[in-house]
Amino acid sequence: MIYLKAVNELTLCAECDGMGTLFTKTGAMIGYYGDCKFDKVMLGPTGSGMGALLGQIGRRLTGENIPLMKVISNGVTESYYACQAKHVTVIELMQGESIMVESEDLLAFTDTVDYGLKPIGVGVISQKGIFTTQLTGNGPGAQVAIMTNGNPIVMDTPCRVDPDAMVAFTGYDPALRSDVSWKTFIGQTSGESYMLDYQYPGFKVIVQPYERGSGIDVGIDRGNAAYIQRNTLFR
């Protein structure tokens, strides 16, 4: 069995005490000890035949497909993975428990995790589309490693978060809460016009101290503000 743990915050370590299989982002391996074999995943990490093919097509159509590598460990092994010095967080999943995460933020998962898609309409607010990757525990030792820009914060639900800072969540889909008024259109609000509202208690939301570019900009003075700033800086 393979056990995942974070090392020095920026690296994932996969330890194996016998035989084990791990799926990782292609090219993420940075070093290993022991007998490890690395194979490219052609269709999908779970299922076979037509099911795997349909899953691959679905991920490509929704933009949630990432190149995956299958790591097969034979005997006592230790392997390390990282990607662009991003912070690594390891999450353990119980049987049937799921976490939703954007494919670009997924680093690795064990072979006791089911890899699929889930529609989430509010994702378009952060330019993320209407689908996200769903990972579900399906056996003992189910673990998922995700990446964040900077040290993540794990929030308990109910809570509200900036959609541009949200990385992953468990439980029910969030609702979209907006604070759009006439002030928004003239650039006189705080800038926090949209929030993801996680209303059901007992779940987790992972956010990062980094905001992606927002998918919606309803202000009308952005260009003028940028012009004024450039003239102030360079005149």
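Here's what I pulled together on the structure shown here.

Calculation criteria
Residues numbered from 1 in each chain as written. Predicted model: local features only at pLDDT ≥ 70, side-chain atom pairs only at ≥ 80, totals over all residues. Heavy atoms only, no water. Helix = DSSP H or I, 4+ residues; strand = E, 2+ residues; numbered from the N terminus. Areas by Shrake-Rupley, 256 points an atom, 1.4 Å probe, with all protein chains shown as cover. Phe/Tyr/Trp six-rings, centres within 6.5 Å; stacked < 30°, edge-to-face > 60°. Buried < 20%, exposed > 50% of the residue type's maximum accessible area, 1.4 Å probe, protein only. Polar contact = N/O pair within 3.5 Å; in protein donor to acceptor, adjacent residues only side chain to side chain. Contact = heavy atoms within 4.5 Å. Core = buried A, V, L, I, M, F, W, Y, C linked by side-chain atoms within 4.5 Å. Pairing = 2+ DSSP bridges. Axes fitted to C-alpha atoms, helices over the stretch in contact; angles between N-to-C directions.

1. Looking at the overall build of the protein
Thought 1: In terms of regular secondary structure, the protein is built from three helices and 16 strands.
Thought 2: When the accessible surface of the protein is totalled, it reaches about 12,400 Å², and 55% of it is carbon and sulfur.

2. Considerations on the packing of aromatic side chains
Thought 1: With the rule as written, the count across this model stands at six aromatic pairs.
Thought 2: A centroid spacing of 5.1 Å and a plane angle of 65 degrees characterise the contact between Y32 and F38, whose relative ring orientation is edge-to-face.
Thought 3: A relative accessible area of 39% places Y32 in the partly exposed class.
Thought 4: A relative accessible area of 26% means that F38 is categorised as partly exposed.
Thought 5: Here the aromatic rings of F109 and Y115 are separated by 5.3 Å at their centres, their planes lie at 20 degrees, and the arrangement is stacked. Each of the two residues, F109 as well as Y115, counts as buried.

3. Brief notes about the side chain of D197
Thought 1: Tracing the chain through its elements places D197 in strand β15 (residues 194–198).
Thought 2: Relative accessible area serves as the criterion here: at 9%, D197 is assigned to the buried category.
Thought 3: A polar contact of 3.4 Å, which involves the side chain of D197, links it to the side chain of Q199.
Thought 4: If near-sequence neighbours (up to four positions away) are discounted, D197 is found in contact with C159, R160, P174, A175 and R177.

4. A closer look at the nonpolar core
Thought 1: L106, F109, Y115, L135, V144, I146 and A168 are the most contacted members of the largest nonpolar core, which totals 19 residues.
Thought 2: Elements that contribute at least two residues to this core include exactly β6 (98–101), β7 (106–110), β8 (113–119), β10 (143–148) and β13 (166–170).
Thought 3: Excluding residues that lie within four positions of it along the chain, L135 makes contacts with L93, E97, S98, I99, V101, L106, F109, V113, D114, Y115 and V144.

5. A word on the sheet that holds strand β12 (residues 159–161)
Thought 1: Read across the open sheet, the three strands follow the order β12-β15-β14; overall the sheet is antiparallel. Strands at the two margins of the open sheet, each flanked by one partner only, are β12 and β14 (175–178). Strand-to-strand, the axes of this sheet are offset by a mean angle of 35 degrees, without reference to chain direction.
Thought 2: Both β12 and β15 contribute to a ladder of three bridges, which runs antiparallel. Across the sheet, residue V161 finds its bridge partner in β15, namely L196.

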